[in-house]
Amino acid sequence: MHTNVKQFIKFCLFILIQTQVLDKIMIRWWTEPSGFPIFVPFLYPLFILLLPLSTPVWLLLFVGFTTGLSVDLFNNTAGMHAFACVLMAYLRTNVLNALLPKNLSEYGQQVPGVKVMGWMPFLTYSAFLLLILHLTFFTLEIWSFSNIGYLLLKVLASTITSMLLVVGYLLLFTNSSSIRNK
Amino acid sequence: MRNFILFIHRFFNLLLFIALEIVCILLIARTNTLQGIDILSSSNAIVGMVLQKRENVLYYFSLKQMNDSLLKENARLQLQLSENNYSFDELKDSTITQSIPPKDSTDKIRYAQYIYRTARVINNSIEATNNYITLNRGYNHGIQKNMAVISGTGVVGRVMYVSANYSSVLSILNVKQKVSAQLASGTIGSVMWEEGNPDVLIMEDIPQQVTVKIGDSVFTTSYSFFPPHVLIGKVFKKKIIKKNNLQYLYIRSATNFRNLQYAYVVENIKAAEKKTLEDSTTTQKTK
């Protein structure tokens, strides 16, 4: 199947899983104290993280914008997810350049993953970008620093939960995808 | 000109990034006002359809719960009806009876008249700072902006965006607007939500001399867009602020937002008249 079609199907799946399944799962680490934030886990940024390594920046930006806006539509948060996603997509190339030994264009259609990058660099890459995304999104959503502890707690808890999902995704799909690429 | 094109070519990515972020900021700014845009909300046709599909699947799993809640609501309404009948009998027993001629129109002045429309909740959130609920009714079914939404047990929110078949409702779990509220004793204040806990609302700025007991009910008033005397919740904690002699009441919400399945959209027929009058007085004041 053509790569673009494949990516489009993947995009639809990520958006549907995020908006139809994960948005229904409200997580709270502790019920007491009662001020502890409730949040939903985000998996959709993984789509941007897993785009091919040689994707040009302008395409990344547009894909990020579309992904964010699609999630926004379902959550009535017009623009907030999109803002965070565009920022993440813009920073992606810089982070990858810093972590990878070769020039990005030399990798071709390979996707960032454990096979190409190794566990530690990939986890650093995804953790850093996810942290940026969550920080931007929750700052925009809460829109005040009057309760900064709550904001930071929500960002931290949400990022760690999303990272667990990313690791879960990697463990599930790493082997099969690398075989398919060969 | 050549330099300009070179400049654009060199910084194209950065410029595109800035442009997209500006678009996002504009979208956020427009939605953050109470009159947002309709097309980018969950009430639009495509998103509404997807949510409806999901709800159609999930509907069957919650039928039992829904039955129970409807039974409870029926029992509550029956109780209310029987209370009314009882007090009517008492009046009959009293010595003075004064009959009002039915033709006399002064015996019932209707300053508010309500139409209740049922709707199913097809999407719901409780974890965001401003939580929205999507209903499967739109302007084809007579829903308009700013109508009140209540559940079988208490208040839910206010209709924000309406499309042909769907509407999104800003639930009272938001930090944008407060709801006018009343204690059983008649003291009036406003209820707001502090994010983090979807069961707890806060009624603020009640003078300390007003005695409030734990377990007291809090109702809506006729000042707001809600119909009066709809239960908001019950007080479970008081906090006195020494600084200005006011107290905060923590209220356990009467509506369970975690498993909201159906709601009533309430239309006040006289609301437009009231609104026009109030608006005309405020414009006179400013002039």
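Residues numbered from 1 in each chain as written. Chains lettered and ligands numbered in written order. Predicted model: local features only at pLDDT ≥ 70, side-chain atom pairs only at ≥ 80, totals over all residues. Heavy atoms only, no water.

Chemist: Would you explain unusual backbone geometry in this entry?
Modeler: Note: most residues except glycine have negative phi, and most peptide bonds are trans. The backbone of tryptophan 143 of chain A shows a phi angle near 55°, a positive value even though the residue is not glycine. Note that tryptophan 143 of chain A resides in the loop between helix H6 (119-142) and helix H7 (148-181). Using a relative accessible area of 63% as the deciding quantity, one classes tryptophan 143 of chain A as exposed. With phi around 70°, asparagine 146 of chain B is a residue other than glycine that occupies positive phi space. Inspection of the secondary structure assignment puts asparagine 146 of chain B in the loop between strand S2 (132-135) and strand S3 (148-150). Overall, the relative accessible area of 40% leaves asparagine 146 of chain B in the partly exposed class. (Helix = DSSP H or I, 4+ residues; strand = E, 2+ residues; numbered from the N terminus. Buried < 20%, exposed > 50% of the residue type's maximum accessible area, 1.4 Å probe, protein only.)

Chemist: Would you explain the pairing of strand S11 (residues 246-253) of chain B in this entry?
Modeler: Every other side chain in a regular strand lies on the same face of the sheet, so the side chains alternate between the two faces. All names here are of chain B. Most of S11 is tucked away, with seven of its eight residues classed as buried. Across six bridges, the pairing between strand S8 (residues 200-207) and S11 is antiparallel. Looking at the pairing, valine 200 lines up with arginine 252 of S11. As paired elements, strand S10 (residues 231-241) and S11 share eight bridges and run antiparallel to each other. Of the residues in S11, the one forming a bridge with lysine 238 is leucine 249. As consecutive antiparallel partners, S10 and S11 are separated by four residues, and within that stretch asparagine 245 has a phi angle of approximately 60°, a positive value. (Pairing = 2+ DSSP bridges.)

Chemist: Just checking my understanding: could you explain the sheet that holds S2 of chain B for this structure?
Modeler: Either a parallel or an antiparallel arrangement is found when strands of a sheet pair, and the pairing is made through backbone hydrogen bonds. Residues and elements named next belong to chain B. Taken together, six strands build a closed barrel; the order of strands is S1-S2-S5-S4-S3-S12 and the barrel is antiparallel. Strand-to-strand twist of the sheet, defined as the mean angle between neighbouring strand axes without regard to direction, takes the value 45°. Sitting on the sheet, helix H3 (residues 45-58) touches strand S1 (114-124) and S2, and the angle it makes with S1 is about 85°. (Axes fitted to C-alpha atoms, helices over the stretch in contact; angles between N-to-C directions. Contact = heavy atoms within 4.5 Å.)

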